[in-house]
Amino acid sequence: MSLFDEAVAEILEIEGGYTTDDMGSPTNFGIRQANHPDVDVQHLTVQQAISIYKAEYWDRCNCDHLPAQVAIVVFDAAVNQGPGWAKRTLQREAGVDADGVIGPETLAAVRQKPQEALARAYLVRRLL
């Protein structure tokens, strides 16, 4: 099982199924209609939700290239605070320009930091 598979399984377990009680927008598997107007969230399948999580959150944050502990916290933040916030926050914690692009400079800075300390600092920033 890949790291993404493990991470998305946790998200799906937490998010649950279809509801209309999520900030006034129909939501299924954590995918909000308001954020995905072209998706019929009421009839969304688990596989479709996984595809959305992969493309719009995991891949947009370049999580395949992050250390495992960091990838998990960044992915969760992307799902809950948005990919832009997640990427800029990672960059701030890594000490690089927060331009929202997780490229070679950010990846190099992230790899130079102790993973556990970076993941903890990132989680603390989410609380602020």
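Residues numbered from 1 in each chain as written. Predicted model: local features only at pLDDT ≥ 70, side-chain atom pairs only at ≥ 80, totals over all residues. Heavy atoms only, no water.

Right, let's talk about the overall build of the protein chain for a bit. Each helix and strand in the protein chain was counted, giving six helices and three strands. Reading the helices (α) and strands (β) of the protein chain from amino to carboxyl end gives α-β-β-β-α-α-α-α-α. Across its three principal axes, the protein chain shows a C-alpha extent of roughly 45 × 30 × 25 Å. Taking all 128 residues of the protein chain together, 41% fall into the buried category. Accessible surface computed for the protein chain: about 7,000 Å², of which carbon and sulfur atoms make up 51%. Mean positive and mean negative side-chain charge positions of the protein chain (11 and 18 charges, respectively) differ by 9 Å. (Helix = DSSP H or I, 4+ residues; strand = E, 2+ residues; numbered from the N terminus. Buried < 20%, exposed > 50% of the residue type's maximum accessible area, 1.4 Å probe, protein only. Areas by Shrake-Rupley, 256 points an atom, 1.4 Å probe, with all protein chains shown as cover. Lys, Arg positive; Asp, Glu negative; His and termini not counted. Charge placed at Lys NZ, Arg CZ, Asp CG, Glu CD.)

Another point: the nonpolar core. If you look at the biggest cluster of nonpolar residues, it comprises 37 residues, and the most contacted ones within it are Tyr 53, Cys 63, Leu 66, Val 74, Phe 75 and Leu 90. Only helix H1 (3–15), helix H2 (46–58), helix H3 (68–81), helix H4 (83–94), helix H5 (104–112) and helix H6 (115–127) provide two or more residues apiece to this core. The element that contributes the greatest number of residues to this core is H3, accounting for eight residues. Leave out the neighbours within four places in its chain, and Leu 90 touches Leu 66, Val 70, Val 74, Ile 102, Thr 106, Val 110, Leu 118 and Tyr 122. (Core = buried A, V, L, I, M, F, W, Y, C linked by side-chain atoms within 4.5 Å. Contact = heavy atoms within 4.5 Å.)

Here we come to the packing of aromatic side chains. Summed over all chains, the structure comprises six aromatic pairs. On the numbers, 5.4 Å between centres and 65° between planes, the contact of Phe 4 with Trp 58 is edge-to-face. You can see Phe 4 sitting in helix H1 and its partner Trp 58 sitting in helix H2, a full 54 residues away along the chain. Geometrically, the ring pair formed by Trp 85 and Tyr 122 is edge-to-face, given 6.2 Å between the ring centres and 80° between the ring planes. Of this pair, Trp 85 sits in helix H4 while Tyr 122 is found in helix H6, placing the two residues 37 residues apart along the sequence. The partly exposed category is assigned to Trp 85, whose relative accessible area is 26%. In this structure an aromatic cluster arises from ring pairing among Phe 4, Tyr 53, Tyr 57, Trp 58 and Phe 75. If you follow Lys 54 out to its NZ or CZ, it ends over the ring of Phe 4, 5.7 Å from the centre. (Phe/Tyr/Trp six-rings, centres within 6.5 Å; stacked < 30°, edge-to-face > 60°. Lys NZ or Arg CZ within 6 Å of the ring centre and 35° of its normal.)

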